[in-house]
Amino acid sequence: MNMNSVLRVFKSKRYSSPALRQFSMSSTRYDNHSCKFLVIGGGTAGCAISSKISNSYGSDGVIVLEPNNLHYYQPLFTLIGAGIKKLDSSHKEMKSVLPKKAKWIKDSVAVFEPEANKVTSNEGHTINYEYMIISTGLQLNFNAIPGLEEALNDDDSKVCSIYSPKYVTKTWTSMKDLNGGNLIFTYPNSPVKCPGAPQKIMYLAEDYFRNIAKNRNDVNITYNSSLGVIFGVKKYADALWKIVKKRDINVNLRRNLIEVKPDTSEAVFQNLDNLDEKFTVKYDLLHVTPPMGPSKALLNAKSVTNASGFVEVNKSTMQHVKFPNIFALGDCTDSPNSKTAAAAAAQSCVVEKNLKSLLNKKSLDAVYDGYASCPLVTSRNRCVLAEFDYSLNPMETFPFNQAKERLSMYIMKKDAMPLLYWNVMTKGYWNGPEIMRKIFNPFKFN
Ligand code: UQ1
């Protein structure tokens, strides 16, 4: 017996979480579980797919491994950061969101053993599965930037981030308390979940100073992005360039935040095209989008991931490239789509269908085309609804030009989407807007 197994047995004797007691449907010992379908992660993607599988295959077959007590609807964070919605409206108890027919183990994965169809959790449980779906999302790496966590945790610092429930309300309080000065918004040099959000919060801040505080002339607003473009899809990038020009926002591309100095209120940026070139800028408000990466367990799971730690899937079927009984979806995969909730919705439909085909020994015919959607909120009553595929071609649902800022799309983002999320998507019934697109555009998409 090696040290890890000793530790596991020792821990399992003491361990009995309320979640397990509540949901365990078998009398097996807590340290060894078996299931037909194991879903790793109960976020947006994990919840959608575990609900779909539970709906199809009934009780007792699905285990969800998820460590958090709260499930957040993260797309609301932009609106919370701008004081439009309250943090309380963005979350529900995990146990009320995960499918009732699934067994929830409140723990996170520590070790993947895909050759043995088994994972080990951090608390020492082993879970054997026939099919595994990985949906561990993205981890926020605030600690990758020296000085950033210290600044975020200091209530007086005017450094904030909508990306974490811990700092999202500070975004609004910092904005409200500002009398003028330099506002800087950042975009990191890493994959980002909802790549539009770093600039959505900027537009909402600009709107606040222009139309509510009415001191727009006292603030300078700058967007420093690590990317070489303002947005990856040309149609929407063209629209956004017009908006930043009209709203007097400075945009610097290929600039990456590398240090925060809260004592002097300075941020240090690096030119990604000439790494020796660094810029130190004074800020009065700094909104940081942190670098993001795969969860720790995936970084240690070389057999299921690529060199960067993302799960290696066939980008059309979402099946793992080496282990046919593994699928992945959501932000943790290496499929080159934009990482958004809408992408997870479209992927969940494909994974469900292909899993069914696999079980029935049929070929995997469902294809994910890279669909992602990003409602780019540009003010308190306007939104550009970007929708596109792997080739970055627009793939719009509605029969009007979605690059135009619209009130209808703002209402959809603010009021309709949360309802759809909690009542349809988390229950496993949302496959993305493909069906609406076909109705509105019967001749464009067959
Ligand atoms: C979507 O499907 C989705 O997932 C639930 C979102 O995330 C919250 C979205 O923001 C959007 C816009 C879509 C796409 C839906 C329609 C009706 C265009």
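So, how was this worked out
Residues numbered from 1 in each chain as written. Predicted model: local features only at pLDDT ≥ 70, side-chain atom pairs only at ≥ 80, totals over all residues. Heavy atoms only, no water. Near = heavy atom within 4 Å. Polar contact = N/O pair within 3.5 Å; in protein donor to acceptor, adjacent residues only side chain to side chain. Areas by Shrake-Rupley, 256 points an atom, 1.4 Å probe, with all protein chains shown as cover. Helix = DSSP H or I, 4+ residues; strand = E, 2+ residues; numbered from the N terminus. Nonpolar A, V, L, I, M, F, W, Y, C, P; charged D, E, K, R; others polar. Pairing = 2+ DSSP bridges. Contact = heavy atoms within 4.5 Å. Axes fitted to C-alpha atoms, helices over the stretch in contact; angles between N-to-C directions. Salt bridge = Lys/Arg side-chain N within 4 Å of Asp/Glu carboxyl O. Buried < 20%, exposed > 50% of the residue type's maximum accessible area, 1.4 Å probe, protein only. Domains from an automatic or database assignment. Buried area = accessible area lost by both parts, 1.4 Å probe.

**Q** A description of the site of the ligand should follow, citing residues and the corresponding values.
**A** Lining the immediate environment of the ligand, one finds 18 residues, of which Tyr-73, Ser-373, Pro-375, Met-417 and Trp-430 sit closest. At 2.9 Å from an oxygen atom of the ligand is found a side-chain nitrogen or oxygen belonging to Trp-430. For the ligand, the accessible surface in isolation is 440 Å², of which the surrounding protein chains cover 96%. Every element with two or more residues in the shell around the ligand is listed here: α11 (341–359), β20 (372–379), β21 (382–388) and α12 (407–425). Considering each element in turn, the shell around the ligand owes the most residues, 4 residues, to α12. Partitioning the shell around the ligand into residue classes produces 15 nonpolar, 2 polar and 1 charged.

**Q** Talk me through the sheet that holds strand β17 (residues 285–287); I want residue IDs and the actual numbers.
**A** Here we have 5 strands laid out as an open sheet, ordered β10-β17-β11-β12-β13, and parallel in their pairing. Since the sheet does not close on itself, it has two edges, and those belong to β10 (159–160) and β13 (249–253), each with one partner. Of the pairings in the sheet, the one linking strand β11 (residues 181–187) to strand β12 (residues 219–225) comprises 7 bridges and is parallel in character. Within β12, the residue paired with Gly-181 across the bridge is Val-219. The strands touched by helix α8 (residues 197–212) within the sheet are β11, β12, β13 and β17, with β11 carrying the most contacts at an inclination of about 160°.

**Q** I'd love a proper account of the pattern of salt bridges, names of residues and values included.
**A** Applying the stated criterion across every chain yields a total of 15 salt bridges. The partner of Arg-380 in a salt bridge is Asp-207, with the nearest N and O atoms 3.1 Å apart. Note that Arg-380 is positioned in the loop between β20 and β21 and Asp-207 in helix α8, a separation of 173 residues in sequence. Each member of the pair, Arg-380 together with Asp-207, is buried. Each of Glu-206, Arg-210, Arg-216 and Arg-247 takes part in salt bridges that share partners, so that together they form one network.

**Q** Give me the lowdown on the pairing of β21, citing residues and values where you can.
**A** Within β21, 6 of the 7 residues are buried, which leaves the element mostly enclosed by the surrounding structure. By the bridge criterion, 7 bridges tie β20 to β21 in an arrangement that is antiparallel. Residue pairing across strands places Val-377 opposite Cys-383, the latter belonging to β21. In this antiparallel pair of consecutive strands, β20 and β21, the connection spans 2 residues.

**Q** Explain the domain arrangement of the protein to me, using residue names and the numbers behind them.
**A** Interfaces are often sized by the amount of accessible area the parts lose when they come together. Examined at the domain level, the protein breaks down into domain 1 (26–139 + 294–359) and domain 2 (140–292). Regarding the contact of domain 1 and domain 2, the summed buried area is about 1600 Å², with carbon and sulfur atoms giving 67% of it. Here domain 1 and domain 2 share 0 salt bridges between them. Remark: the boundary between domain 1 and domain 2 carries 4 residue pairs in polar contact (both at pLDDT 80 or more).

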